[in-house]
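Here is what each chain is made of, one letter per residue.
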Amino acid sequence: MSDRTDGEELAVWEELPSDAGGSRLLRRDLKLLIRLLEELLIAKAGEGLYRSVNTLRLLCQRLRAHPSPRGERELVRLLDSLSLEETVRVVRAFALFFQVLNLAEQNQRLRSWRDFELAHASHPFTLDDTVQLLAAKRVAPEVLQAHLEVMEVELVMTAHPTEVSRRTVLDKLRLLAALLFDLEGRRTDDERGKVREEIRRHLVSLWLTDELRSRPLGVEDEVSNALFYFDQVFFDLLPTVHQRLKRQLGRLHPGYPFRLPVLLRFGSWVGGDRDGNPAVTAELTKKTLLRQRELALQKYLDRVSMLKGELSVSSNLTGGVTESLAASLVADRVAWPQLAEVYMDQYANEPYREKLDYIQAKLRKSLRRTEEGEGVAFAGSEEFRRDLEVLRDSLREQGDEELAAGSLEKLLWQVDIFGFHLAALDLREHSGVLKEAVGEILAKAEVTTGYRQMGEGEKVALLTGELGSCRPLVSPDLAYSPRTAEVLDSFRLIPWAARTVDRPAIRSFIISMVHGASDVLAALLLAKEAGAVRLEDGKLQGNFRLVPIFETIADLERGPTILEELWLLPAYRRYLEVRGWEQEVMLGYSDSNKDGGYLVANWELFKVQKALVRVADAAGVRLRFFHGRGGALARGGGPTGQAILALPPGTVGGKIRITEQGEVMAHNYGTPGVAERTVESVLAAVLDSGLGLGEGRRDPSEAWWGTMEELAAASHRAYEELLDDPDFPAYFFEATPIREIGSLKIASRPAARGEGGEGKERFGQSRYNLKEIKELRAIPWVFAWTQSRHVLPAWYGVGRALSDFIRETNRLAFLREMYRHWPFFRLVINNLQMSMTKADMRVARSYADLVRDREAGERLHRKIADEFWLTERVVLQITEQRALLDDNPFLKQSLELRNPYIDPLNFLQVKLLATLRGMRAGSAAAATLPEEEEILAAILRTINGIAAGLRNTG
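A short tour of the structure in this document, coming up. (Residues numbered from 1 in each chain as written. Predicted model: local features only at pLDDT ≥ 70, side-chain atom pairs only at ≥ 80, totals over all residues. Heavy atoms only, no water.)

On to unusual backbone geometry. With the exception of glycine, most residues fall at negative phi, and the peptide bonds are largely trans. Residues other than glycine seldom take positive phi values, yet Glu 446 does so here, at roughly 60°. Within the element layout of this structure, Glu 446 appears in the loop between helix H17 (431-444) and helix H18 (456-467). On the accessibility criterion, Glu 446 (74% relative accessible area) is exposed. (Helix = DSSP H or I, 4+ residues; strand = E, 2+ residues; numbered from the N terminus. Buried < 20%, exposed > 50% of the residue type's maximum accessible area, 1.4 Å probe, protein only.)

Following this line, the structure appears as structure tokens:
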């Protein structure tokens, strides 16, 4: 966008260094997109808006390069000159710029991967690279087959509120991404011109689409968002990835009969996560399961229709069909006599098409069926699969392997992966809610009225006794509180879903905030009383997993002891025996970080995995870890493949579950091409970790371990010192947009667990308190610090710990060795670098000016900024770089390009926050509610824009 007044340009493509990988093509894409955006702004908003945007951008860019009081005064004058309407348009223009920049970078990612494939070169964290490592390590096919048979990787979508963009906006961006990628293959000027016109139209549509939601998201909206990915991406993607791996293994070991099971699935919490969300009821979960089943069956109907076109095999031109297919057709004709009259005539010589029509009829009836056992509909996905196998086996016996290996094989993979349930839906509830329900049930059954007041040992003894008893505690003649009735209904869904939807429809019940063994036993007792497990021959039979979550630092430390106690109890061991002696454990990355800070959270998570493996081995239990990673780096985010390889050796073993949250979904799975690479990176990392293909997969030395203990403790002390500052709560609530984030309408779940937190109106009150921060969920905590460019949860305290260690021990070389040779420590430091590059203490200073106690605001900002510069200095010493991310030029380039263009949105946000808070505090004359709402809407647009620029929320 060239400024016609002074000739300077908003031409970010010119700022890309020419030696950056693929930068020439990235510049070309950006040049096209930004020129189209320039034309759009002038046409739709006028020359005045264009000049305001460019002048503001240039001012912020100069200030970043050469800070000066004069430049700051000029910036303030420009901001003050903008009306509210102009401010909104400027914010939207910058936000749209980031959307097109994200598209261009995504296209470059795809281009880079494609170029590696065309050059037959391996790209890190791809299946090609992993297969080359297998060949280099001479892994025997038998060893590889054994590992494949135990591999189970599941990526679990959550409804956590970190995606600020509307589904409508994401859909438009997905179409733009496809057009930009399509432009690559166009050769003639006419072809390219048509695609450019399509891009122009979609940009106009995006500009005219309101990025703010008009109403809060409900749970059913969240379910629709999740189903979008299964419908548009996962259903075709996952079979393709499995088929590709099978072909690669066949080339690696020609002739070896690899049996490839389902290695990777997607699960879901959306519609099943009731922890702190009263909107998720048993009835709504039931609707979610039925919607998932309906989509799966509709997809199968579509695929069977496509197969009918492909399998037009005439019996006149082949040797006939197998006896199994012939017998199957006879059975279908008997079961469907009216259809048989039509099909036998229509498909007189086309037996495969006739069979496929019967399959379609069964699928349609299955789609209509609401209760098990009705008619001749498929009772489950296993029956559907058997019908397809009959077709495949007949084709193979005829010698038509090509047809058997085409769309039919892909459909078989889809049935194996998705069944009739589409995705296993986890149920989740807070341990406190389960405790209340057990207490009420025991009281009404006249067992005890003091369950909640019992000590842990007494609770365990009482619960184990009841678990071994055939006596029911729950009676249909007794009335229970709505909350307890709801808990029981949620457990009753488990057997209902297995009968009505598909056997694996609900595989896990997750218990959050587990503080003791009694919390797990309480869930098991409730499952028994609801009929989800049954007592047979002294054993509790149940087709689902109980999964405790250890979230806070204290619970992570207690986790091994809690499970060790649980595994020694005969009642629980009998349940485990039925479950094949496998225990799933979930690790919370969000609350542990909020509770203890970045370094101690990462270290405690590392330690607890090692400790849990030790106690599991001693108890004869196999562990499966479920990693509750968030999108932001402060909540366990970052490249998934690298995170898997940094896990403690011996803790993956091929079985792993990982959450995928919020904006991560759109970023990693918004388009099929990027989604394929994301899935590949996870599979490649799990294969690598399980088979020990890479270098450095060893346990840390005692010296490394001891050093991390020391560093984590020091970092924790620094973090707690900040939070214990009496002025810190006020700083957090006033120097971030935490209260305004609650108005974004991005989720159905409240932002705080208790009554406090950001939902309260705090203006005019004299004091804040730490309890309100502790009640706040980790997502809005991280979101608020990210918006204000402090990004504090992702780095604070680390610099003090590292600096003190180097000063006191003079062992900088030792830390450098840890960084070079220990994947865990390297990942911690590298993620720290990424977070710090998104932070900006100069911008954060403007937010500190919003704190009403100016002296406290200035003091705390100075304390935070000093720690930031200390952290940067010591990280550069350890990594031996001149600047952060020097060893990752493309990422550094991307982040540094964005920063000057995010600054205007931050400064506008600060201006708007000051105005709104002044109105609400009564300092503005005769402020009206509509005026406040208009300003709040403008603030929300800045939040959207900053999130798009940083590619992070919470």
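Summed over all chains, the structure comprises 40 aromatic pairs. An angle of 15° between the planes, with centres 5.4 Å apart, marks the rings of Trp 603 and Phe 606 as stacked. In this pair, Trp 603 and Phe 606 both sit in helix H24 (residues 598-619), 3 residues apart, roughly one turn of the helix. With relative accessibility at 3%, the residue Phe 606 sits in the buried group. Taken together, a centroid distance of 5.8 Å and an interplanar angle of 45° make the contact between Trp 603 and Phe 824 tilted. Of this pair, Trp 603 sits in helix H24 while Phe 824 sits in helix H35 (residues 823-838); the two residues are 221 residues apart in sequence, bridging distant segments of the chain. Side by side, Trp 603 and Phe 824 carry an identical accessibility label, which is buried. Within the aromatic cluster, the residues linked to one another by ring pairs are Phe 228, Tyr 229, Phe 230, Phe 234, Phe 235, Phe 266, Tyr 300, Phe 378, Phe 384, Phe 418, Phe 420 and Tyr 669. When the ring centre of Trp 207 is taken as origin, the NZ or CZ atom of Arg 92, which lies over that ring, is 4.7 Å away. (Phe/Tyr/Trp six-rings, centres within 6.5 Å; stacked < 30°, edge-to-face > 60°. Lys NZ or Arg CZ within 6 Å of the ring centre and 35° of its normal.)

Another point: the nonpolar core. Counting residues in hydrophobic clusters, the biggest one holds 161 residues, and the most contacted among them are Phe 234, Phe 384 and Tyr 572. It is helix H9 (residues 219-252) that contributes the most residues to this core, 16 residues altogether. Other than its neighbours up to four places away in sequence, Phe 234 contacts Met 157, Tyr 229, Pro 239, Phe 266, Phe 418, Met 665 and Tyr 669. Counting residues in each nonpolar core, the second largest holds 132 residues, with Leu 59, Ala 177, Leu 206 and Leu 212 among its members. (Core = buried A, V, L, I, M, F, W, Y, C linked by side-chain atoms within 4.5 Å. Contact = heavy atoms within 4.5 Å.)

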